[in-house]
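# Close look at the chain arrangement
Spelled out from the first residue to the last, the chains are:
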Amino acid sequence: MTAFLRSLLAVVVGLALGLAFTGFAGENPLNVGRILFLSAFGSQYDVGMTLAAATPLVFTGLSVSLAFQAGLFNIGAEGQLAVGALAATLFALAFPSLPWPLAPLGAACAGFAGGAFWGFVPGWLLAKRGSHEVISTIMLNFIAAGVASYVVLYHVANPETSNPETRYVAESYRLSPLSAFPDTPASVAVFLALAAIPLVWVFLSKTPTGFDLRTLGASEAAALQSGARPARAKILALTLAGGLAGLVAVPEILGSAHRFRLGFSPDYGFMGIAVALLGRGHPLAVLPSALLFGALQKGTADLDFQTERVSRDIAAIIQAFVIAAVAADVLVDRVGIWGRTVLGKVFRSSSPDVDGTVKKGAA
Amino acid sequence: MSGAASHALAVEYRNVSRRFDNGVYANRNVSFGVAKGTLHFLVGENGAGKTTALKVLFGLVKPTEGSLLLHGKPFAPASPVEAVSRGIGMVHQHFMLSETETALDNVLLVVESVRNSPVPRALRPLHRAEALQKLEALAREFGLPVDFHRLVKDLGVGEQQRLEILKLLFLDADILVLDEPTAVLTPFEATALFTTLKRLVAQGKSVIVVTHKLREVTAHADAVTVLRQGKVVASLVRPHLPSIEELANLMVGHTVDLSLQGVLRSPAPGPDAEVLLRFESISLLEKGAAKPRLSNVTFEVRAGEIVGIAGVEGNGQSDLLALLTSPSAWAESCQEASRVLKNEGHKKAPRFEILGHDAWTLDARSLRALSWGFVPEDRLAQGLLPDSPVEENYLLGRQHLPAYSRFGFLRRKALHATAQAASEAFDVRPRDLTLPAGSLSGGNQQKVLLAREMALAPRLLVVAQPTRGVDVGAIEVIHRRLLERRQAGAGLLLVSSELDEVLALADRVFVFHAGALLGPFEGERKNETDVGLAMGGLTT
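Just so we're clear, the structure is a prediction, and the values are computed from it rather than from any experiment. Counting starts from 1 at the beginning of each chain's written sequence and moves along it residue by residue. Each chain gets a letter, beginning with A, and each ligand a number, beginning with 1, in the order they are written. The model is predicted, so local features are restricted to residues of pLDDT at least 70 and side-chain atom pairs to those at 80 or more, both for listing and for counting; the totals for chains, interfaces and linings are taken over all residues.

## Some words on the overall build of chain A
Think of it this way: any DSSP run of H or I at least four residues long counts as a helix, any run of E at least two long counts as a strand, and we number them from the N terminus. Helix and strand counts for chain A come out as 16 helices and zero strands. Radius of gyration means the value over C-alpha atoms here, while the globule rule gives 2.2 Å times the residue count to the 0.38 power. Here chain A has a C-alpha radius of gyration of 22 Å; the compact-globule value for 363 residues is 21 Å, and the two agree. In terms of its C-alpha atoms, chain A occupies a principal-axis envelope of roughly 75 × 55 × 35 Å. Residue burial here comes from a neighbour count, namely the number of other C-beta atoms, placed from the backbone, that lie within 10 Å of the residue's own C-beta, with 20 or more meaning buried, 12 or fewer meaning exposed, and in between meaning partly exposed. Within chain A, buried positions represent 52% of all 363 residues.

The following block contains the structure:
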């Protein structure tokens, strides 16, 4: 079975189990499924909202996927996107009179740089001090939230409102909304997301440096031996991953909100992990995967008022089931003999394992 | 020999087949008998079915057809514990000992795990004195001296192996299976092991030895069974044992020529030949450790020669290879791990040159820019990307060379052409460049690795364990290619624990013992006795 079909199966299983849960709450699962679908794709407005929700997930999904390819687990996209968005906002507030093409370009670069810096730190700590990236990126998420609060509330707060947000960026920084989807936050940032996907793929599969990163992901010993320079590759991978997460600034700050709102992200960074997992770390798979989670995000939002007993939190449950199904499917391959004989009969993916198991138990 | 008189079979395989779901047979109609009181060898290439045959004996795999007889009675073990309780025991290639326990406690550990008792394991008393008494009696009876009160990590390899055997005898095993028992022994320790095994056999035990060293078969076997592609191709008893050549042919299925005849070998270069690799007084001490990891290592490799480094594994070879992998990273890690890189009597860093460059400033990537090839000892972890297609494996280590990248992009066409030519030249099978490298046989993986490292005709080639786990047919190809490289004027450093290989290929041989490099052995002194003594730390 190809990886794509297996992921598709995981989605179907995850959706089915998640919807089945709404049955326990007293709803008709089929009806909930129908509402979900219509709410995500039912009208131009709905599609626009889905696209707007999927765009940041493309960036965080790419961020986590790129790190995956280098064998690293970037849990820090949430912090990186916050720092990136903050950097883009500060850039815009610092240079309010920049003309149109330079303004969004500069702000996007600032967003990338901010996120990249927040990825560089754990990368450097990992390569030079051996701090595990999972721990340090999680920690940096909290620090990023703290830094963002401090800067927003004490330095660039919007004096016209009591909401925790910054002043608005100048007109020249704002991206045009997509006319096909009026009244939605969808902007031309969608095209940046669409361009980023093949760029990351080309970088990873067609350039020597991308090959270095993939070699590191396959085996650190091979990376050292082959001159892939594992220490630098680790720093580079997390820096680029951070930069990609930082690009969330483009749809959020330049595309829709035009200001930095504290807590603007409904966990885009963590959903990026789900996006990357479902796509098995392949950058091209980020597109369908991000669309799916974007649709889920938008679709479940309507459950709050279209059903009586199910809230939007069902999105988290469905997500969890999809991830569990992806992980379980990998498990089928990895549990070894036992998994192959028992589960293999069910999934028909068994293959012989000739070596390497006589060692246990015989002595 | 000893047990030939007794014709009772200890173990008998009767038409044992093991088929997998996809129709592949790991064992097919395997029939052979191990006579009681004999030393029986089991040989075959990787994947020939030896492991599966043994798994059947230990109840880890159930045969799909056929049956086993143990002392003439049907035997269908459900688990290794049952096999052990019926008197079958195994000594693995990598010992199953707890390093931080004493030898005595290691035996107790195993005894308790297989004993049938209604008392939960954690609550059972240990009978140390009793066990010690029995062990000492066994050690005397079979000539297996072990210091039972020392920690296993302080025992020598030979002593650990004797402990493993005693463990089995303690459990009343009368059929002993040893998997590659001489892989970690010096030639003398190996001889002593076979003396011991013959003593066991003389006292009525049956011993099955799995090996790939064919000389051991002709020297020590009472009987030998050869497996190929899951089938028994020969099962012969002394005095009808095959010669080494016949054994090799049986294993491979066609004629192999390991004599390296017909290979051009120009005379070894003189002392004025260009020095390609130079080590001068390099030592590596770990703080707090009693013995140095590397002790005053000095040697050089000149153009047109093969320098061999023999020795039992773990005597410094790995440190030397780590140093060669990436000298600057190694030096850095030495400082970080608070080890001392010492240069006897000198203030500055010890001299270390590769192809005329000061090697301390080089890392793996800058080495790759030189005319340099490197075959690491662990091909799956260091040398290859097992999950990536064969074609990408030809790129590993070459990705930054102008030959394969231009304007920041990989040159896929150039890579494809080289990969195809290299696979052709080394006869890599199957010839499909899209297969994951890990799916190839060990021999073909090694061919890919060597083909890659030789593709750009390096002037200096470091090769570690080139034929480990490689089938006989591939060994022939690999040895010939290495000699061709020498003939073309390159300098080669060959690090191998296969003494025969080093003696056959190298012009000069050094031996690693406890971090020190003994030798060189060349000319008359390049023989098994002198080199073998050095492997045990004894110099003549």
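Right, picking up where we left off after that structure.
## Some points on the sheet that holds strand β4 (residues 65-70) of chain B
The pairing of strands in a sheet comes from backbone hydrogen bonds and takes either a parallel or an antiparallel form. Residues and elements named next belong to chain B. Read from one edge of the open sheet, four strands run β2-β1-β4-β5, paired in antiparallel fashion. This sheet does not close on itself; its edge strands, each paired only once, are β2 (25-35) and β5 (73-75). Recorded for the sheet is a direction-independent mean angle of 25 degrees between the axes of neighbouring strands. Any two strands between which DSSP finds at least two bridges are classified as paired. Judged from the seven bridges that link them, strand β1 (residues 9-19) and β2 form a sheet pairing that is antiparallel. Within the sheet, the bridge partner assigned to tyrosine 13 lies in β2 and is phenylalanine 32. Lying on the sheet, helix α1 (residues 50-57) is in contact with β1, β2 and β4; it crosses β1 at an angle near 115 degrees. Fitted lines through C-alpha atoms give the axes, limited to the stretch in contact for helices. The angle between two N-to-C directions lies from 0 to 180 degrees. C-beta atoms are placed from the backbone for every residue, and two residues are taken to be in contact when these atoms lie within 7 Å.

## Structural notes on helix α7 (residues 189-206) of chain A
Residues and elements named next belong to chain A. Between its terminal C-alpha atoms α7 stretches 25 Å, which fits the 26 Å expected from 18 residues at 1.5 Å a residue. Along α7, the residues classified as buried are Ala189, Val190, Leu192, Ala193, Ile197, Val200 and Leu204. Viewed along the axis of α7, the buried residues span an arc of 150 degrees, placing them on a single side of the element. Among the exposed residues of α7, those pointing more than 90 degrees away from its buried face are Phe191, Leu194, Ala195, Pro198 and Leu199. The span one expects for a helix is its residue count, reduced by one, times 1.5 Å. This arc describes the spread of directions from the helix axis toward the C-beta atoms.

## With respect to the confidence of the model for chain B
Residue and element names in this part refer to chain B. Residues at a pLDDT of 70 or more form 94% of chain B, whose mean pLDDT is 87. Within the model, the stretch residues 1-6 combines pLDDT values under 50 with 18 contacts to residues more than four positions away or in other chains. Taken together, the chains of this predicted complex give a pTM of 0.81 and an interface ipTM of 0.80. Residue-level confidence of the predictor, termed pLDDT, takes values from 0 up to 100.

## Regarding the environment of Ala324(A)
Counting through the fold element by element, Ala324(A) comes out in helix α15 (residues 314-334). Residues Ala324(A) and Val13(A) lie 311 residues apart in sequence; the distance between their C-alpha atoms is 9.6 Å.

## Overview of the nonpolar core
To form a nonpolar core, buried Ala, Val, Leu, Ile, Met, Phe, Trp, Tyr and Cys residues must be joined through C-beta atoms within 7 Å. Judged by nonpolar contacts, the single largest core of 188 residues is most densely connected at Ala88(A), Ala107(A), Ala237(A), Ala249(A) and Leu494(B). Throughout the structure description, domain borders are defined by an automatic or database domain assignment. Viewed by domain, this core spans two of them, domain 2 (274-371 + 458-540) and domain 3 (380-456) of chain B, each represented by three or more residues. Residues contacting Ala107(A), with those up to four places away along its chain left out, are Ala88(A), Phe91(A), Ala92(A), Tyr173(A), Ala249(A), Ile253(A) and Leu254(A). One finds Leu144(B), Leu163(B), Leu169(B) and Ala173(B) within the second-largest nonpolar core, a separate group that totals 63 residues.

## Here we look at the interface of chain A and chain B
Of the residues lining the interface, 26 residues belong to chain A; the matching set on chain B comes to 43 residues. Listed by contribution, the elements that provide at least two residues to the side of chain A that touches chain B are α8 (208-218) and α9 (220-225) of chain A. No other element matches the five residues that α8(A) contributes to the side of chain A that touches chain B.

## A few points about the pairing of strand β7 (residues 175-179) of chain B
Residue and element names in this part refer to chain B. Burial of β7 is extensive: five of the five residues sit out of reach of the surface. Where burial is concerned, the two faces of β7 agree: the one with Ile175, Val177 and Asp179 and the one with Leu176 and Leu178 are both buried. With five bridges joining them, β7 and strand β8 (residues 206-210) adopt parallel strand pairing. The partner of valine 177 across the bridge, within β8, is isoleucine 208. Clockwise travel from the first strand over the helix to the second, with the strands pointing away from the viewer, marks a crossover as right-handed. As a crossover connection, the stretch from β7 through helix α6 (residues 187-202) into β8 is right-handed.

## Some remarks on the sheet that holds strand β3 (residues 39-44) of chain B
Residues and elements named next belong to chain B. Sheet architecture is open: six strands sit in the order β6-β7-β8-β3-β9-β10, paired in mixed fashion. Of all strands in the sheet, those with a lone pairing partner are β6 (88-91) and β10 (231-237), marking the two edges. Taking each pair of neighbouring strands and ignoring which way they run, the sheet shows an average axis angle of 20 degrees. Here four bridges tie β3 to β8, and the two strands are oriented parallel to one another. Residue pairing for β8: leucine 42 is matched across the bridge by valine 210.

## Things to note about the domain arrangement of chain B
Residues and elements named next belong to chain B. Structurally, chain B comprises domain 1 (2-119 + 126-252), domain 2 (274-371 + 458-540) and domain 3 (380-456). Look at where the C-alpha atoms of domain 2 and domain 3 centre, and you get two points 25 Å apart. Between domain 2 and domain 3, the residue contacts involve 13 residues of the former and 14 residues of the latter. Among the elements of the structure, α11 (364-368) and α16 (472-487) are those that each provide at least two residues to the side of domain 2 that touches domain 3.

## Details of unusual backbone geometry
Residue and element names in this part refer to chain B. In this structure, the amide linkage connecting arginine 238 to the following residue, proline 239, adopts the cis form with an omega of 10 degrees. Positionally, proline 239 belongs in the loop between β10 and α8 (244-252). A cis amide bond links arginine 429 to the next residue, proline 430, at an omega of -10 degrees. Mapping proline 430 onto the fold places it in the loop between α14 (412-425) and α15 (442-454). Backbone geometry places aspartate 172, a non-glycine residue, at a positive phi of 60 degrees. Along the polypeptide, aspartate 172 turns up in the loop between α5 (157-170) and β7.

## What about the packing of helix α5 (residues 102-129) of chain A against helix α6 (residues 133-154) of chain A?
Residue and element names in this part refer to chain A. In the contact formed by α5 and α6, the axes pass within 9 Å of each other and the chain directions differ by 145 degrees. Once α5 is placed against α6, the crossing between them reads as right-handed. Across the interface between the two elements, Trp118, Val121, Pro122, Leu125 and Leu126 from α5 touch Glu133, Ser136, Thr137, Leu140 and Ala144 from α6. Each residue is assigned to one class: nonpolar for Ala, Val, Leu, Ile, Met, Phe, Trp, Tyr, Cys and Pro, charged for Asp, Glu, Lys and Arg, and polar for all the others, Gly among them. Split into classes, the residues belonging to the contact of α5 with α6 amount to seven nonpolar, two polar and one charged. Throughout, a crossing is termed right-handed when the near helix is turned clockwise from the far one, and left-handed when it is turned anticlockwise from it by less than a right angle.

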